[in-house]
Amino acid sequence: MSRVAFLIERNVFYKYLGSAIEAALERGWEVECWHDSARPQSGQKGYQFPSLSCVPRFHAGRPVVTAVAGSADLRQRLLRRTVDIVVSMNAPTMFFPALPPPGAIPPWLGVQHAGDFFQNNGPEGVLSCDAVAVYSDWWVPWAAAYLQDTGVRRPGDQFEQR
């Protein structure tokens, strides 16, 4: 049986990850939703705080919901390898100042929800994921061209192939 952690940084992340959470529950996987409790509860995006009340109901069961107190706490949990895979709308580079050696953390699946995935994570972040779920193959050359046009990657760096 697989143990999977979904990183929920804002309550709106359930909109994008909910179907994957449902699918994992249907397969009988142990599903954990790690809520970032260090997010602001007031201010511009305070309304998106991932509280326990924002967890939707799933037909196939209920995930275990755990509060994670920011990036430092998340790094410690990942290094303990209590789950088999991590699913996130951000790349590992968003949480680790320096990436741990290969195999030190569980495999990481980055999930694109818009062009923001590529913009926010940049080429190094995207490539720090073990796999990236994109809406379609169209997004790969789009992301490569966008990142090149904005000057964060160079021609010939093999981004598309990697």
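Preceding this paragraph is the structure being described.
Residues numbered from 1 in each chain as written. Predicted model: local features only at pLDDT ≥ 70, side-chain atom pairs only at ≥ 80, totals over all residues. Heavy atoms only, no water.

Along the chain, Thr 93 falls in the loop between strand 4 (85-88) and strand 5 (108-111). With a relative accessible area of 29%, Thr 93 lands in the partly exposed category. In this structure, the C-alpha to C-alpha distance between Thr 93 and Val 126, residues 33 residues apart in sequence, is 8.6 Å. Setting aside chain neighbours within four positions, we find Thr 93 in contact with Leu 99, Asn 121, Glu 124, Gly 125 and Ser 128. (Helix = DSSP H or I, 4+ residues; strand = E, 2+ residues; numbered from the N terminus. Buried < 20%, exposed > 50% of the residue type's maximum accessible area, 1.4 Å probe, protein only. Contact = heavy atoms within 4.5 Å.)

Let us now look at the pairing of strand 4. When a strand is regular, its side chains alternate between the sheet's two faces. Where strand 1 (residues 3-8) meets strand 4, three bridges bridge the pair, whose relative direction is parallel. Residue pairing across strands places Phe 6 opposite Val 87, the latter belonging to strand 4. Judged from the three bridges that link them, strand 4 and strand 5 form a sheet pairing that is parallel. Among the inter-strand pairings, Ser 88 is bridged to a residue of strand 5, identified as Gly 110. (Pairing = 2+ DSSP bridges.)

Next up on the list: helix 3 (residues 116-128). When the local axis directions of helix 3 are compared, the greatest deviation, roughly 105 degrees, occurs at Gly 122, which is followed within four positions by the proline Pro 123. Among the residues making up helix 3, those that are buried are Phe 117, Phe 118, Asn 121, Gly 122, Pro 123, Gly 125, Val 126 and Ser 128. At its buried positions, helix 3 is contacted by strand 5, strand 6 (131-133) and helix 4 (139-149). (Bend = angle between axes of the 7 residues up to and from the residue.)

Another point: helix 4. Every buried residue of helix 4 is accounted for by Trp 139, Ala 143, Ala 144 and Leu 147. Mapping the buried residues of helix 4 onto a view down its axis gives an arc of 135 degrees, with all of them on the same face. The inward-facing, buried residues of helix 4 contact helix 3. (Arc of directions from axis to C-beta.)

Moving on, we come to the state of the cysteines. Applying the stated criterion across every chain, the model contains zero disulfides. The cysteine Cys 33 is free of any disulfide, with Cys 54 supplying the nearest cysteine sulfur at 9.0 Å. In this model Cys 129 remains outside any disulfide bridge; the closest cysteine sulfur is found in Cys 33, 18 Å from its own. (Disulfide = S-S within 2.5 Å.)

A full pass over the atoms with the stated rule returns five salt bridges. The salt bridge involving Arg 39 is made with Asp 36; its shortest N-O contact spans 3.2 Å. Asp 36 sits in the buried class, given a relative accessible area of 13%. Through salt bridges that share partners, Arg 3, Glu 30 and Glu 32 make up one connected network. (Salt bridge = Lys/Arg side-chain N within 4 Å of Asp/Glu carboxyl O.)

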